[in-house]
Amino acid sequence: MNGLANASSLFFLSAGLSLIFGVTRIVNMAHGSLYMLGAYIAYTCATSLGGVLGFWGGVLATAAALALLGALIEIALLRRIYHAAELFQLLATFALVLLLSDVVAALWGVEDLLGPRAPGLRGSVEILGRQFPEYDLFLLVVGPVVLVGLHLLLTRTRWGTLVRAATQDRDMVAALGVDQAKLFTAVFALGAALAGLGGALETPRQPANLGMDLSALGDAFVVVVVGGMGSIPGAYVAALLIAEIKAICIGLGTQTIAGIPFNFSKLTLVAEFIVMAVVLIARPYGLLGRAQGMPRHAAAIQDPIEPAGRRARLLALAVLAALLCVPLLAKASPYTLVLGIDVLIAVLFAASLHFIAGPGGMHSFGHAAYFGLGCYGAGLLLKLAGFPMAGAIAAAPLVAALGAAIFGWFAVRLSGVYLAMLTLAFAQIVWAIVFQWEALTGGSNGVLGIWPTAPFNSAWVYYLLVLALTLAGVLAMRRILFSPFGYAMRAGRDSPLRAEATGIAVLKVHWIAFIIAGTVCGLAGALFAFAKGGISPETIHVSRSIDGLVMVLLGGMHELAGPLVGAPVFTLLQDSVMRQTPYWRGVLGVVILALVLVFPMGIAGTIAGWAKRVAR
């Protein structure tokens, strides 16, 4: 019964996200923020007004307020970038996550806020000799009621028919004369209202806090993908499945299997991601999902990747000369070297992600897994196996390559959001293992004392080492992209059927590309471990994967220089803004939104387009 009550909460959260993606094809990263905002607004109504009006009236008012906010977001921002690539729209909604997080912090503070109990549902009832909260019984019932209401709305009304048609083939809906702008606004408003309703109904069960957005977003993505993108019944079935598995794990507690004690409760940290991985491997479109209709309008034609011209080479040499001069600035500002090392590691991390996401067309939400494997590989080989620093840095990428080989074998068989979410599932599984295997990894404390040895224990010497390895990694991937293997990668991205017909083993090519990217990313992780002197599970957290994706998108997904531009811009922006204001997330979000609107193809991509137009 706990599982059924939790399933209702998961369903409220995920149903809106499923609707929004099904119709608009936008992966709305801000959905968790709308859920969090709903919890804070409902808390304010319940505590300010009190009683039945404050709580239940506040729940309804929260849903209405979030519907208006959702409509405003769609009209003011998303409508301007529908022509952009789907992942670039993701960047815009990620900027909203940063902005809304600091708006909530400024209005409500950083303390957790637990709302009052629901009037009329404050007691409990005895079921099978145990006390069960009346409010959870209410949630247990209201979830299916909302499911039935949404089903009737989508199947018995003209508006619902248009929504279902747009989910299957939105281009045909537009061709039949339907006003897509109004339809998209209405769908986004309904999705935001459902997110706000879910957050409002959770206030008596858990305190409103600033961490709700990302945790709720992860849960929502899992439920939507397991159920099938755009399927409301699928979202409820997936929520029910995941919530019940978690409830059973908690109920089992610690059990002894073959004489070995096993704590099932710890599985709750990663249970939903294990379920998602299994479901996507068995059913690539989720339990009740099906392949999305392909748009009839061709995407903007991407120019072939060309070798760098004379001007580009001169610019690259000038940048390299400037990087070599950075140690000269260390006397005036020692922090310059620290920041320079961070930028170079970010460039290598972003370049490895771009290698599979741009030319390969494989969008990864879990690239931090290979970064973390490189970190822990280097740290544990140094501390436990007694490897020298050079040996640890050389062997750590092989650890990441092994992880990429295992995960990539399954991931390359999927595409689009499903591939991205499977990579996220694998990354979360790695994070859970690192977080809980305290005997080996140190758990939440991590591994400390990973410092460079002579002659690299001098900051400027280690900077030059990082610069050399970053340059080698970037040039190696660039060389691969201009080889026959690189052309085969792009052929498999642009037209897999034609590539297969010409004899290219697309899955094998993409799998090898996945391993190459994981290896380079593992090198970045090893360099990071020695730069910081220690590692923790945060190196594998989903936020690092999102940061890498933001770097690639800021620079430009379809430009080789994209990650080389996006990584420094994002790292320097984050560093400078963090030192200026406690509300750096909001400022950074506004800056990213401005960059999205000014550079719709990324900074490097837009500038390259301007240069070509000027040349013509």
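Please read all numbers here as calculations on a predicted model, not as lab measurements.

## With respect to the pattern of salt bridges
Two side chains with opposite charge may pair up if their charged atoms get near one another.
Here comes step 1: Summed over the entire model, instances satisfying the criterion amount to 6 salt bridges.
Here comes step 2: Across the pair Arg-79 and Glu-74 runs a salt bridge, and its minimum N-O distance is 3.2 Å.
Here comes step 3: By relative accessible area, which is 35% here, Arg-79 ends up partly exposed.
Here comes step 4: Measuring nitrogen to oxygen at the nearest pair gives 2.7 Å for the salt bridge that ties Arg-493 to Asp-494.
Here comes step 5: With relative accessibility at 26%, the residue Arg-493 sits in the partly exposed group.
Here comes step 6: Via salt bridges that share partners, Asp-136, Glu-202 and Arg-205 belong to a single interconnected network.

## With respect to helix H2 (residues 31-49)
Here comes step 1: For H2, spanning 19 residues, the distance from its first C-alpha to its last is 27 Å, which sits close to the expected 27 Å at 1.5 Å a residue.
Here comes step 2: Within two residues after H2, Gly-50 carries a phi angle of roughly 75°, on the positive side.

## Re unusual backbone geometry
Here comes step 1: The peptide bond linking Ala-454 to Pro-455 adopts the cis configuration, its omega dihedral lying at 5°.
Here comes step 2: Mapped onto the elements, Pro-455 comes out in the loop between strand E5 (447-448) and helix H17 (459-481).
Here comes step 3: In the Ramachandran plot, Leu-128 falls in the positive-phi region, its phi being about 55° despite a non-glycine side chain.
Here comes step 4: Mapped onto the fold, Leu-128 is located in the loop between strand E1 (124-127) and strand E2 (130-133).
Here comes step 5: A relative accessible area of 84% places Leu-128 in the exposed class.

## Structural notes on the nonpolar core
Here comes step 1: Among the nonpolar cores identified, the biggest contains 196 residues, and Phe-11, Met-276, Tyr-370, Phe-530 and Ile-592 are the most heavily contacted of them.
Here comes step 2: Tallying contributions element by element places helix H12 (residues 335-357) first for this core, with 15 residues.
Here comes step 3: Here this core spans two domains, since at least three of its residues come from each of domain 1 (9-214) and domain 2 (323-615).
Here comes step 4: In this structure Ile-592 touches Leu-91, Ala-95, Leu-98, Val-550 and Phe-570, once residues within four positions along its chain are discounted.

## Topic: the pairing of E1
Here comes step 1: In terms of strand pairing, E1 meets E2 through 4 bridges, oriented antiparallel. What sits directly across from Ser-124, in E2, is Pro-133.
Here comes step 2: Hairpin connection of E1 to E2: 2 residues between the antiparallel strands, including Leu-128 at a positive phi of 55°.

## Considering the packing of helix H1 (residues 2-24) against helix H8 (residues 212-227)
To describe two helices that pack against each other, one gives the angle between their axes and the distance between the axes.
Here comes step 1: Put simply, H1 and H8 touch, their axes get as near as 8 Å, and they point 70° apart. Taken as axis vectors, H1 and H8 run roughly perpendicular relative to one another. Along the contact surface, H1 presents Leu-10, Leu-13, Ser-14, Leu-17 and Ser-18, while H8 presents Ala-216, Asp-219, Ala-220, Phe-221, Val-223 and Val-224.
Here comes step 2: Of the residues contributing to the contact of H1 with H8, the split by class is 8 nonpolar, 2 polar and 1 charged.

## Observations regarding the domain arrangement of the protein chain
Here comes step 1: Here the protein chain is described as being made up of domain 1 (9-214) and domain 2 (323-615).
Here comes step 2: For domain 1 and domain 2, the distance between their C-alpha centres works out to 33 Å.
Here comes step 3: Taken residue by residue, the interface counts 22 residues in domain 1 and 26 residues in domain 2.
Here comes step 4: Across the domain 1 to domain 2 interface the summed buried area is about 2000 Å²; carbon plus sulfur atoms make up 86%.
Here comes step 5: Our count for the contact surface shared by domain 1 and domain 2 stands at 0 salt bridges.
Here comes step 6: No other element matches the 14 residues that helix H4 (residues 86-108) contributes to the side of domain 1 that touches domain 2.
Here comes step 7: The class makeup of the residues in the side of domain 1 that touches domain 2 is 18 nonpolar, 2 polar and 2 charged.

## Some words on the pairing of strand E4 (residues 260-263)
Here comes step 1: Direction of pairing for strand E3 (residues 254-257) relative to E4: antiparallel, over a ladder of 4 bridges. Across the sheet, the residue bridging to Thr-256 is Pro-261, located in E4.
Here comes step 2: Hairpin remark: E3 followed by E4, antiparallel, with 2 residues in the connecting loop; positive phi at Ala-258, about 55°.

## With respect to the layout of surface pockets
Here comes step 1: In this structure, the second largest pocket occupies an estimated 1400 Å³ of space.
Here comes step 2: Broken down by element, the lining of the second largest pocket gets its largest block of residues, 8 residues, from H8.
Here comes step 3: Tallied by class, the residues present in the lining of the second largest pocket amount to 24 nonpolar, 15 polar and 7 charged.
Here comes step 4: Mapped onto the domain boundaries, the lining of the second largest pocket takes at least three residues apiece from domain 1 (9-214) and domain 2 (323-615).

## Regarding the side chain of Ser-8
Here comes step 1: Here Ser-8 is to be found in helix H1.
Here comes step 2: The contacts of Ser-8, once residues within four sequence positions are left out, are Leu-139, Leu-140, Gly-143 and Pro-144.

## Some words on H12
The α-helix winds at 3.6 residues per turn, so residues separated by three or four positions along the chain end up facing the same way.
Here comes step 1: With 23 residues, H12 extends 32 Å between its outermost C-alpha atoms, agreeing within 8% with the 33 Å of an ideal straight helix rising 1.5 Å per residue.
Here comes step 2: Of all 23 residues making up H12, 19 are buried, and the element is well covered by its neighbours.

## Re the packing of H2 against helix H7 (residues 180-201)
Here comes step 1: Interaxial distance between H2 and H7 falls to 7 Å at its minimum, and their mutual angle equals 50°. With respect to H7, the element H2 is oriented oblique. At the point where H2 passes H7, the crossing takes the right-handed sense. Contact residues: His-31, Leu-34, Tyr-35, Gly-38, Ala-39 and Ala-42 in H2; Gly-191, Ala-192, Ala-195, Gly-196, Gly-198, Gly-199 and Ala-200 in H7.
Here comes step 2: Here the residues of the contact of H2 with H7 are counted per class, giving 7 nonpolar, 6 polar and no charged.

## Remarks on a nonpolar patch on the surface
Here comes step 1: Side chains of Ile-281, Leu-402, Ile-406, Trp-409 and Phe-410 sit close together on the surface and give an oily, nonpolar patch of about 480 Å² of accessible area.
Here comes step 2: No other element matches the 4 residues that helix H14 (residues 389-411) contributes to the nonpolar patch.
Here comes step 3: By the element assignment, Leu-402 lies in helix H14.
Here comes step 4: Note on Leu-402: relative accessible area 55%, which makes it exposed.

## Some remarks on the environment of Ala-95
Here comes step 1: Its location among the elements puts Ala-95 in helix H4.
Here comes step 2: A residue is classified by how much of its surface remains accessible, and Ala-95, at 0% relative accessible area, is buried.
Here comes step 3: Along the chain, Ala-95 and Leu-588 lie 493 residues apart, while their C-alpha atoms are 7.5 Å from each other.
Here comes step 4: Look past the residues within four positions of Ala-95 in its chain and what remains in contact with it is Gly-589, Ile-592 and Leu-593.

## Structural notes on the packing of aromatic side chains
Here comes step 1: Enumeration according to the criterion identifies 16 aromatic pairs in this entry.
Here comes step 2: Between Phe-55 and Tyr-135 the ring centres are 6.3 Å apart and the planes differ by 80°, which places this aromatic pair in the edge-to-face class. Of this pair, Phe-55 sits in helix H3 (residues 51-76) while Tyr-135 is found in helix H5 (residues 134-156), placing the two residues 80 residues apart along the sequence. The residues Phe-55 and Tyr-135 share a single accessibility class, namely buried.

Rules of the game
- Residues numbered from 1 in each chain as written.
- Predicted model: local features only at pLDDT ≥ 70, side-chain atom pairs only at ≥ 80, totals over all residues.
- Heavy atoms only, no water.
- Salt bridge = Lys/Arg side-chain N within 4 Å of Asp/Glu carboxyl O.
- Buried < 20%, exposed > 50% of the residue type's maximum accessible area, 1.4 Å probe, protein only.
- Helix = DSSP H or I, 4+ residues; strand = E, 2+ residues; numbered from the N terminus.
- Expected span 1.5 Å × (residues − 1).
- Core = buried A, V, L, I, M, F, W, Y, C linked by side-chain atoms within 4.5 Å.
- Domains from an automatic or database assignment.
- Contact = heavy atoms within 4.5 Å.
- Pairing = 2+ DSSP bridges.
- Axes fitted to C-alpha atoms, helices over the stretch in contact; angles between N-to-C directions.
- Parallel < 35°, antiparallel > 145°, perpendicular 65-115°, else oblique.
- Nonpolar A, V, L, I, M, F, W, Y, C, P; charged D, E, K, R; others polar.
- Buried area = accessible area lost by both parts, 1.4 Å probe.
- 1 Å grid on protein atoms, 1.4 Å probe; cavity = no way out; pocket = protein on both sides within 12 Å on 5 of 7 lines; lining within 4 Å.
- Points joined across faces, edges and corners; volume = space filled by probe spheres on them.
- Left-handed = near helix turned anticlockwise from the far one by under 90°.
- Patch = residues over 30% accessible without salt bridge, like charges linked within 9 Å, V, L, I, M, F, W, Y side chains within 5 Å.
- Areas by Shrake-Rupley, 256 points an atom, 1.4 Å probe, with all protein chains shown as cover.
- Phe/Tyr/Trp six-rings, centres within 6.5 Å; stacked < 30°, edge-to-face > 60°.

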